[in-house]
Amino acid sequence: MKLSLMTCGKAVGSRVIDNHHFASYLDTSDQWIRERSGILTRHWVEDESTLDLARSAAEACLGRLPGLDRSRIRVLICASVTTDEAVPALSARLQEDLGLDANLFAFDLNAACSGYVYSLQVARSLLGSYPQGSLALLVGAEVLSRHTDMEDRTNCFLFGDGAGASLWTLEQGAEDVFAAKTVGNRDMLTLGHVEPIRMDGRAVFRFAVGEMSEVIRQVLAEGRVRPEEVDLFLLHQANQRIIDAIARSLELDNDRFPTNLDRYGNTSSASIGILMDELYDQGLLDGTKTLCLAGFGGGMSCGALLLKGHQIHVA
Amino acid sequence: MITKQVVDIVVDLLGVEEAQVTPDAMLIEDLNADSLDAVELAMRLEEYFNIKVEDTEIEDMKTVADIVRTIQHYCPDLEV
């Protein structure tokens with residue numbers, strides 16, 4: 001059995017912040033930020049909560065299937081490092097807000113920026129234990145602007161607020177392939193309960209390019225798929241330089257690596273979901289595609305999921 | 001051999017002309033590299049020469065000659 005995408009949705013913070021905002025009070029410039037990250041704008045919340053973004057993305061996702069029997073949704077996973085509160089879980093609040101059947105396995109997952117990929121793998125595993133036709137709703141949601149040190153010129157421009165949602169089921173087909181890597185380390189990237197995000201950009205860059213390339217190669221080898229046979233690599237949208245380096249490492253053109261980080265910045269566990277929603281809107285996820293999703297993040301964590309010959313479900 | 005490979009890698013990574021990549025050329029000041037370029041350069045050197053470049057060495061690689069010396073340290077049998 002393999003994962004099949006049914007639909008997607010997204011929501012982003014209501015304020016658009018361009019690079020000049022940072023240049024207005026820090027020793028930086030639009031050009032410096034563009035060259036080091038590829039980011040032109042990011043969306044920050046005004047007064048929205050993480051739950052607000054998660055709910056909007058989930059509603060946008062489910063709203064695309066108006067006739068859907070929501071009781072088929074048996075698994076709900078929310079990936080986030082910026083939940084509004086520890087308890088109740090974001091996923092539990094969503095169950096109530098979305099009016100989902102209480103007969104639901106819902107929980108939050110924290111794997112930092114790897115959260116979306118990790119959640120999808122967990123959803124895949126869980127769906128196998130439910131009756132065929134059951135659905136998993138996956139939501140990555142973050143409000144990073146409230147956890148950013150706005151005086152830290154090395155990273156304050158990187159982060160955005162948003163949520164990405166997707167609905168999945170299992171269908172007959174070639175098994176998906178997953179690989180993960182965890183390297184416990186608190187020197188490279190931290191986010192405390194009080195302390196804002198601290199990051200050693202160079203070390204993270206090195207980890208991201210080195211380890212993400214490795215897990216991608218691992219799933220391709222296990223799936224017996226050559227890099228050029230993958231239609232789209234959907235990578236965590238952290239930094240254009242990281243994505244460019246991975247494309248070069250795999251000896252592929254950048255057109256297989258769609259991005260939107262120029263507009264949204266790094267939205268951590270939401271980024272791949274937001275990207276998928278845009279590709280879905282553009283019709284780029286219709287038909288048969290082989291997709292490779294990959295993320296890396298604090299922990300340090302890293303994961304890749306190969307959806308081989310991915311058949312998009314037609315509702 | 002080391003120098004030729006280093007020049008090729010620098011040219012490919014930074015998109016500069018080969019003639020610019022002289023031994024005294026400063027990566028940041030002359031070849032417009034930034035801190036992430038330096039990390040990626042180190043990763044490419046590691047891959048090509050099958051070595052491990054430490055973070056402190058990356059910071060010390062300020063010129064093309066510095067890079068060549070670093071590779072020489074790990075690969076003493078290779079021709080410069």
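Everything here concerns the structure above.
Throughout, residues of each chain are indexed from 1 in the direction in which the sequence is written. Chain letters start at A and ligand numbers start at 1, both assigned in the order the entries are written. Totals for whole chains, interfaces and linings use all residues, but because this is a predicted model, local features are given only for residues with pLDDT of at least 70 and pairs of side-chain atoms are given and counted only at 80 or more. As a rule here, side-chain values cover all heavy atoms of the structure and leave hydrogens and water aside.

Draft legend 1. Highlighting the sheet that holds strand β4 (residues 73-79) of chain A. All names here are of chain A. Here, any two strands with at least 2 DSSP bridges between them count as paired. Think of it this way: any DSSP run of H or I at least four residues long counts as a helix, any run of E at least two long counts as a strand, and we number them from the N terminus. Strand order across the open sheet formed by five strands is β1-β7-β6-β4-β5, with mixed pairing between neighbours. Two strands bound the open sheet, and with one partner strand each, they are β1 (2-12) and β5 (105-109). Adjacent strand axes in the sheet meet at a mean angle of 15°, parallel and antiparallel pairs treated alike. Pairing geometry for β4 and strand β6 (residues 135-143), over six bridges, is parallel. Within the sheet, the bridge partner assigned to Val-75 lies in β6 and is Ala-136. Note on definitions: a residue-residue contact is assigned when non-hydrogen atoms from the two residues lie within 4.5 Å. Angles shown run from 0 to 180 degrees and are taken between the N-to-C directions of axes, each axis being a line fitted to C-alpha atoms and, for helices, limited to the stretch in contact. Its contacts with the sheet put helix α4 (residues 90-98) on β4, β5 and β6, and the angle it makes with β4 is roughly 130°. Contacts between helix α9 (residues 271-281) and the sheet are confined to β1 and β7 (161-171), with β1 contributing the most and set at about 100° to the helix.

Draft legend 2. Examining the side chain of Asp-34 of chain B more closely. Its place among the elements puts Asp-34 of chain B in the loop between α1 (2-14) and α2 (35-49). N or O atoms within 3.5 Å of each other form a polar contact, as long as, within protein, one can give a hydrogen and the other can take it, and as long as residues adjacent in sequence are counted only when both atoms are side-chain atoms. Side-chain polar atoms of Asp-34 of chain B contact the backbone nitrogen of Leu-36 of chain B, separated by 3.0 Å. Those residues in contact with Asp-34 of chain B that sit more than four places away from it in its chain are Glu-35, Arg-36 and Arg-241 of chain A.

Draft legend 3. A look at the interface of chain A and chain B. With twelve residues of chain A in contact, the opposing surface of chain B contributes 16 residues. Summed over both partners, the accessible surface that disappears when two parts come together, traced with a 1.4 Å probe, is what is meant by buried area. Interface area, chain A with chain B, both sides summed: about 1200 Å², of which 51% is carbon and sulfur. The term salt bridge refers to a pairing of a side-chain nitrogen on Lys or Arg with a carboxyl oxygen on Asp or Glu at a separation within 4 Å. Between Arg-206 of chain A and Glu-46 of chain B there is a salt bridge, and its shortest N-O distance comes to 2.3 Å. Connecting chain A to chain B are seven residue pairs in polar contact (both at pLDDT 80 or more). Elements supplying a minimum of two residues to the side of chain A that touches chain B: α2 (30-37), α6 (201-222) and α7 (240-249) of chain A. Element by element, the count of residues in the side of chain A that touches chain B is highest for α6 of chain A, at six residues. Three classes are used, and their members are as follows: Ala, Val, Leu, Ile, Met, Phe, Trp, Tyr, Cys and Pro are nonpolar, Asp, Glu, Lys and Arg are charged, and the others, Gly among them, are polar. Here the residues of the side of chain A that touches chain B are counted per class, giving three nonpolar, three polar and six charged.

Draft legend 4. Molecular detail of the packing of aromatic side chains. Any Phe, Tyr or Trp ring, taking Trp's six-membered ring, that has another such ring centre within 6.5 Å forms a pair; planes under 30 degrees apart are called stacked, those over 60 apart edge-to-face, and the others tilted. The final tally for this structure, using the stated rule, is six aromatic pairs over all chains. A ring pair is formed by Tyr-118 of chain A and Phe-178 of chain A, whose centres lie 6.1 Å apart and whose planes are at 85°; its orientation type is edge-to-face. Taken together, the positions of Tyr-118 of chain A in helix α5 (residues 115-127) and Phe-178 of chain A in strand β8 (residues 177-182) put the pair 60 residues apart, joining distant regions of the chain. For every residue, the accessible area obtained with a 1.4 Å probe (protein chains only) is divided by the maximum for its type, and the residue is called buried under 20%, exposed over 50%, and partly exposed between those limits. According to the relative accessible area criterion, Phe-178 of chain A is partly exposed, its value standing at 22%. When the ring of Tyr-48 of chain B is compared with that of Phe-49 of chain B, the centres are 5.0 Å apart and the planes differ by 75°; the resulting orientation is edge-to-face. Residue Tyr-48 of chain B is classed as partly exposed on the basis of its relative accessible area, which comes to 42%. In this arrangement the basic side chain of Arg-153 of chain A is found over the ring face of Trp-32 of chain A, its NZ or CZ atom lying 4.9 Å from the centre. To sit over a ring, a charge needs its Lys NZ or Arg CZ within 6 Å of the ring centre and within 35 degrees of the ring normal.

Draft legend 5. Layout of the environment of Asp-149 of chain A. Residues and elements named next belong to chain A. For Asp-149, the position within the fold is in the loop between β6 and β7. Excluding its chain neighbours within four sequence positions, the residues that come into contact with Asp-149 are Cys-156, Pro-196 and Arg-198. Here Arg-198 takes part through its side chain, which lies 2.9 Å from a polar atom of the side chain of Asp-149.

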